[in-house]
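# Breakdown of the fold
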Amino acid sequence: MTKALILNTSVAGAASVSNRLTGEFATQLRQRDPSVEIVTRDLAADPVPHLLPETVAGIRATAETETERAALALSEQLLAELKAADLLVIGAPMYNFGIPSTLKTWFDYVLRAGISFRYTEKGPEGLITGKKAVVIETRGGLYSEGPAVSLDSQEPHLRTMLGFMGVTDVVFVRAEKLGFGPEAVSAAIEGAIAELGDFADNELALAA
């Protein structure tokens, strides 16, 4: 593994658990492989603009106006970052049972027919292949098991979008029950950090 792309998406900034965990994971990667190159994009501090009537053709049709060409240029930049990465790391807090709108917008810019996926006679085919992804999910409640599983629109959505463009080797690391008090928060964070460390150890050993 030589290059990782980290997407931070929490609006909580320094108070964000997902930002803390992506930072911890970046440290773990550097400790295990000092040569690793890490690119971090903060989609909360520097959001990708939502598609608008005056920009959407730059992504889904032919860019003709200045604003459409600007949208296309940003899409190409985001795709270049994604294609260059061996590992995609997404910090994804749960907002209202789903993902932050800025993360959805990032997908809107990189999910492009003929570029990151294509339609064939056998159905859609992802073109962003040969990559691994780690999705760090932070949640106030417990959604991976129990009665609230059906309310989880976060993980299935992310799995679908990643898989649609060919990223199918995905590990989900969950820090849950963050709204259950200090002890639950500490346990969730410690468990997630340990799980990320195990992933770093195993994946970097395989890549050596």
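A few points on the structure.

Attention shifts here to the pattern of salt bridges. In this structure the tally under the stated criterion is 14 salt bridges. A salt bridge links Asp169 to Lys132; its shortest N-O distance comes to 2.7 Å. With Asp169 in strand E7 (residues 169-175) and Lys132 in strand E6 (residues 132-138), this residue pair connects regions lying 37 residues apart in the sequence. Judged by its relative accessible area of 27%, Lys132 falls in the partly exposed class. A single network of salt bridges, built from pairs that share partners, joins Glu137, Arg139, Asp152, Glu155, Arg159, Arg174 and Glu176.

Bridge count for strand E4 (residues 117-120) against strand E5 (residues 123-126) is 4 bridges, and the pairing is antiparallel. In the strand pairing of E5, Thr120 is matched with Gly123. Linking E4 to E5, which pair antiparallel, is a turn of 2 residues.

One way to put it is that helix H4 (residues 101-110) packs onto helix H5 (residues 155-164) with a least axis distance of 11 Å and a crossing angle of 15°. As the angle between them shows, H4 and H5 are arranged roughly parallel. Judged by the twist between their axes, the crossing of H4 over H5 is left-handed. Between H4, through Leu103, Lys104 and Phe107, and H5, the contact on the second element is made entirely by His157, Leu158, Met161 and Leu162.

In spatial order, the strands read E2-E1-E3-E6-E7; together these 5 strands make up an open sheet with parallel pairing. A single partner strand is all that each edge strand has here, and the edge strands are strand E2 (37-42) and E7. Across the sheet, the mean angle separating the axes of adjacent strands is 15° when strand polarity is ignored. Across 6 bridges, strand E1 (residues 3-8) lies against E2 in parallel orientation. Each residue of the ladder has a partner; that of Asn8, found in E2, is Asp42. Here helix H1 (residues 17-32) sits on the sheet and contacts E1, E2, strand E3 (87-93), E6 and E7; the angle it forms with E3, its principal contact strand, is near 155°.

Our focus in this paragraph is helix H3 (residues 66-84). Each turn of an α-helix holds 3.6 residues, which means side chains three or four residues apart point in the same direction. In this model, H3 (19 residues) spans 27 Å end to end at C-alpha, consistent with the 27 Å of a helix rising 1.5 Å per residue. Within H3, the full set of buried residues consists of Glu68, Ala71, Ser75, Leu78, Leu79, Glu81 and Leu82. End-on, the buried residues of H3 take up no more than an arc of 155°, which puts them together on one face. In this structure, the buried residues of H3 make contact with E1, E2, helix H2 (57-60), E3 and H4.

How each quantity is defined
Residues numbered from 1 in each chain as written. Predicted model: local features only at pLDDT ≥ 70, side-chain atom pairs only at ≥ 80, totals over all residues. Heavy atoms only, no water. Salt bridge = Lys/Arg side-chain N within 4 Å of Asp/Glu carboxyl O. Helix = DSSP H or I, 4+ residues; strand = E, 2+ residues; numbered from the N terminus. Buried < 20%, exposed > 50% of the residue type's maximum accessible area, 1.4 Å probe, protein only. Pairing = 2+ DSSP bridges. Axes fitted to C-alpha atoms, helices over the stretch in contact; angles between N-to-C directions. Parallel < 35°, antiparallel > 145°, perpendicular 65-115°, else oblique. Left-handed = near helix turned anticlockwise from the far one by under 90°. Contact = heavy atoms within 4.5 Å. Expected span 1.5 Å × (residues − 1). Arc of directions from axis to C-beta.

In short, the description is geometric, and any link to function would need to be established separately.
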